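Now for the letters of each chain:
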Amino acid sequence: MTTTTSHATACILCSRNCGLLIDAEGETIKRVHGDKAHPISRGYICQKAAGLAHYQQNRDRLSSPLRRTAAGDFEPISWEQAIREISAKMLSIRGRHGGRAFAFYGGGQGNHLGAVYGTPLLKAMRSQYHYSALAQEKTGDFWVNGRLFGRQNCHVTEDIEHSDLVLIIGTNPWHAHGIPNARRTLRELSKSPERTMIVIDPRVTETAQLADTHLQLKPGTDAFLLAAMLSIIMREGLIDDNFIREHTHGFEQLKRVLLEIPIDTFIERAGVGKSQVYEVARQLAAAERACVRVDLGIQQSVQSTLNSYLEKLLFLLSGNFAKRGGNNLHTFLLPLIGHSDPPGPNCDTWSTAVTRISAIAKLFPPNALPQEIDTDHPQRVRALWVDSANPAMTGADTEAYTRAFSKLELMVVVDVALSETAEQAHYVLPASSQFEKWEATFFNLEFPTNFFHLRKPIFEPRTGTLPEHEIYRRLLIEMGELPRNFPLLRQVARLHRAAPQLRSLPLVLALLLKLRPKLIPYGGHILEQTLGAWLPDGASSAAPLWFAAHRYVGRHSEAVRRAATDHNGRDERLNDNALAEQLFSRILHSHSGTLLSTHRYDDTWSLVRHPDRKIQLQIPELLRELAALKDEDATLGSEYPLILIAGERRNYNANT
Ligand SMILES: Nc1nc2c(c(=O)[nH]1)N[C@H]1C(S)=C(S)[C@@H](COP(=O)(O)OP(=O)(O)OC[C@H]3O[C@@H](n4cnc5c(=O)[nH]c(N)nc54)[C@H](O)[C@@H]3O)O[C@H]1N2
Ligand SMILES: Nc1nc2c(c(=O)[nH]1)N[C@H]1C(S)=C(S)[C@@H](COP(=O)(O)OP(=O)(O)OC[C@H]3O[C@@H](n4cnc5c(=O)[nH]c(N)nc54)[C@H](O)[C@@H]3O)O[C@H]1N2
Ligand code: SF4
Ligand SMILES: [Mo]
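Bear in mind the structure is a predicted one, so any value in this text is a computation, not a measurement.

(A) Main features of a positive patch on the surface. A surface patch of like charges, here positive, comprises Lys-36, Arg-184, Arg-187 and Lys-191. Residue position: Arg-184 is located in helix 8 (residues 182-191). Judged by relative accessible area, Arg-184 falls into the partly exposed class, the value being 38%.

(B) Structural context of the environment of Thr-213. Of note, Thr-213 is situated in strand 11 (residues 213-215). Judged by its relative accessible area of 13%, Thr-213 falls in the buried class. When the C-alpha positions of Thr-213 and Met-197 are compared, they lie 6.7 Å apart, and in sequence the two are 16 residues distant. Among all residues touching Thr-213, those that are not within four sequence positions of it are Met-197, Ile-198, Val-199, Gln-276 and Val-280.

(C) Just the packing of helix 10 (residues 222-235) against helix 12 (residues 251-259), in detail. Direction vectors running N to C along helix 10 and helix 12 enclose 110°, while the axes themselves pass 9 Å from each other. When the axes of helix 10 and helix 12 are compared, the pair comes out roughly perpendicular. As for the relative orientation of helix 10 and helix 12, their crossing is left-handed in sense. Touching Leu-230, Ser-231, Met-234 and Arg-235 of helix 10 are Phe-251, Lys-255, Leu-258 and Leu-259, all from helix 12. Counted by class, the contact of helix 10 with helix 12 contains five nonpolar, one polar and two charged residues.

(D) Structural context of the sheet that holds strand 2 (residues 19-25). The three strands are arranged 1-2-3 in an open sheet whose pairing can be described as antiparallel. Among the strands making up the open sheet, the edge pair consists of strand 1 (4-10) and strand 3 (28-34). With direction set aside, neighbouring strand axes in the sheet form an average angle of 30°. Note: strand 1 against strand 2, seven bridges, orientation antiparallel. Its bridge partner lying in strand 2, Ala-8 is registered against Leu-21.

(E) Broad picture of the nonpolar core. Grouped together as the largest cluster of nonpolar side chains are 86 residues, with contacts concentrated most on Met-90, Leu-121, Trp-385, Phe-452, Leu-454 and Leu-545. Per element, the largest residue contribution to this core is eight residues, and it comes from helix 24 (residues 544-568). Setting aside its immediate chain neighbours within four residues, Phe-452 contacts Leu-333, Leu-334, Ala-440, Thr-441, Phe-442, Asn-444, Leu-545, Ile-587, Gly-593, Thr-594 and Leu-596. Leu-316, Val-608, Leu-617 and Ile-619 belong to the second largest nonpolar core, which has 69 residues in total.

(F) A look at the sheet that holds strand 11. Spatial ordering of the open sheet is given by 11-10-9-13, a layout of four strands whose pairing is parallel. Looking along the sheet, the strands with just one partner apiece sit at the ends: strand 11 and strand 13 (290-294). Sheet twist, expressed as the average angle between the axes of neighbouring strands with direction ignored, equals 15°. With five bridges connecting them, strand 9 (residues 165-169) and strand 13 associate as parallel partners. The residue bridging Leu-167 from the neighbouring strand is Val-292, located in strand 13.

(G) Highlighting the pairing of strand 6 (residues 102-106). Most of strand 6 sits inside the fold, with five of its five residues counted as buried. Burial along strand 6 is two-sided: the face carrying Phe-102, Phe-104 and Gly-106 and the face carrying Ala-103 and Tyr-105 are both buried. In this sheet, strand 15 (residues 383-387) lies alongside strand 6 in parallel orientation, the contact comprising five bridges. Directly across from Phe-102, in strand 15, lies its bridge partner Ala-383. In this sheet, strand 7 (residues 130-131) lies alongside strand 6 in parallel orientation, the contact comprising two bridges. Each bridged residue has a counterpart across the sheet, and for Phe-104 the counterpart in strand 7 is His-130.

(H) Expanded view of the pairing of strand 2. By the criterion of burial, strand 2 is predominantly enclosed, with five of the seven residues buried. Note that strand 2 and strand 3 share six bridges and pair antiparallel. If you follow Leu-21 over to strand 3, its bridge partner there is His-33. Hairpin connection, strand 2 to strand 3: the antiparallel pair is bridged by two residues, and Gly-26 has positive phi, about 55°.

Calculation criteria
Residues numbered from 1 in each chain as written. Chains lettered and ligands numbered in written order. Predicted model: local features only at pLDDT ≥ 70, side-chain atom pairs only at ≥ 80, totals over all residues. Heavy atoms only, no water. Patch = residues over 30% accessible without salt bridge, like charges linked within 9 Å, V, L, I, M, F, W, Y side chains within 5 Å. Areas by Shrake-Rupley, 256 points an atom, 1.4 Å probe, with all protein chains shown as cover. Salt bridge = Lys/Arg side-chain N within 4 Å of Asp/Glu carboxyl O. Lys, Arg positive; Asp, Glu negative; His and termini not counted. Charge placed at Lys NZ, Arg CZ, Asp CG, Glu CD. Helix = DSSP H or I, 4+ residues; strand = E, 2+ residues; numbered from the N terminus. Buried < 20%, exposed > 50% of the residue type's maximum accessible area, 1.4 Å probe, protein only. Contact = heavy atoms within 4.5 Å. Axes fitted to C-alpha atoms, helices over the stretch in contact; angles between N-to-C directions. Parallel < 35°, antiparallel > 145°, perpendicular 65-115°, else oblique. Left-handed = near helix turned anticlockwise from the far one by under 90°. Nonpolar A, V, L, I, M, F, W, Y, C, P; charged D, E, K, R; others polar. Pairing = 2+ DSSP bridges. Core = buried A, V, L, I, M, F, W, Y, C linked by side-chain atoms within 4.5 Å.

So this is what it looks like as structure tokens:
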């Protein structure tokens, strides 16, 4: 007789990663419930979570490494053979062509722990080419953040639950979520007579139907509409002067450009009612607490970078930043993105060889990749590694990808299923699913209270599969990059588990990395092999979170202390080392997720990374674009009489 067991985990189908309780029988998902113990979702789920069995029990799941044959089909091979052959080919390509011949393409909505182990492959190949779906949708946003706030990973979040006025631009959270417990939050906003919800979208979406005001603009005209709103706020003197004076630079230059905007012409171009736009601008400026929520409708569209600037100016000029109900910056336990300085004499940021695009937030844009492969440029990409992504489906031009893939010397895909991209690879390596290994996402984007959810496996790994940390460990060892084991450090880690106050592990680890700096990129692997050996329930791959917890406490100790006090019901006055050990332990043992930190709203200023903690309002490149808007052809050029809105989140689709 099979018994039903219940397991705390999370939904992996969108970036909210709601807490779940899954009832399983043997290897089968039977029922899915919201987990009330999850610190953020608190029991909330949408209907998509009920479809998770489709992911776990999919008939395309893989159970053996595959190698392409001369005839073009796949044959199963052993892990040993796959790793040996792939390693030899990688080293040969690196030896003949150097790091620029290699690109890593990785992403994932529900699985980011594997990235700690997978992305070091870039270092092993001496490459910087990390392609990611995030660079298809959000590098405009990241770039603007870099200029306004000092670093491209200063990421903005919105405190919608506490806002009096919420401006939703180019997103349909009813289906896409992206905000906490979206449907509940939207319904509450809509029902409350004291709160205002404004939607800017060319379609009458489910979210727009709940709004107090819907500005149904023509597709692709957001820059005009947002510029008009900013100009109204400027001309009518509705700016938050105190905020601007105390916290920003560059206001005068911005003001000059905004005062030149032909407001009425721009409103006409956007095709919306004039009085409505004036009213919305005034409402925004007058609101006690307002925030702006945006997504793909303005970020994967024309003028996406300018849109990202204007959208942020709306909450900045109205002083709705670093406060309850406004927009804020947030912390990351583990970095989802990085920061890239522009290429220059003192900076080794790469640009792509053919399209000449430089990295933003340490990422390269997928839509450049086919041209970087399908060319006879001597520095073309010849080897491609894909993990947790399916560009043959999700890149903008499937045919271009297919042509490009056929030109590669080596293409390896790590996936749980035989995806459309995997079908075109030379080797396919089967990963254990997200319910078969310790896993987590780095989409912890909340402020002032942030959380982390380390998920415990529910099922045994499917036969023939390996979790990512083991796949990459074997490959890095075979490539001669990573030693097979670390016997001394493993014993030190054991001592550390018994007596963390001695700090033996950080000291000996630091010494090892000082003596052998080539191992620094593989710190995650080293921890997995050493500290990981002593973690409960086979949680070895969670070991790098120990380092992350220490770094996080190093930066945010007061906020962690507050969260710990809330969690434990008492203030224990631990030193930072003990606090970090306690945080790590709480992450390991809280199977429904746990709070990381509770900041104060004005701590946002400590997350701004310009040295004086002020916002740099002036971005000359974008001010030039803004000034040039009035010369743009009103129909976006006769080349584009029609704009196709491709891709729309519905209740039955999910990227993964
Ligand atoms: N159900 C479901 N949810 C998901 C996902 C999924 O696949 N399925 N994927 C997740 C991911 S990766 C992401 S990035 C998010 C994306 O979340 P959203 O950005 O909300 O997703 P979309 O539905 O693609 O597009 C947003 C809205 O932009 C509008 N739009 C189109 N053109 C314009 C324009 O020119 N101006 C304006 N203002 N609006 C425009 C569209 O009408 C649409 O309502 O969703 C996440 N959630
Ligand atoms: N036409 C159109 N194109 C779009 C969009 C659109 O709206 N319209 N949206 C864009 C956006 S916003 C995004 S974010 C991208 C998403 O683009 P991708 O990230 O390429 O798409 P996913 O389908 O999420 O790919 C995830 C892959 O990871 C695999 N996977 C799942 N779990 C695991 C695991 O544990 N380990 C490993 N190794 N693999 C796993 C899945 O089987 C799947 O093949 O698509 C973009 N493309
Ligand atoms: S799809 Fe997103 S909103 Fe829906 S249950 Fe899953 S994580 Fe939550
Ligand atoms: Mo996305």
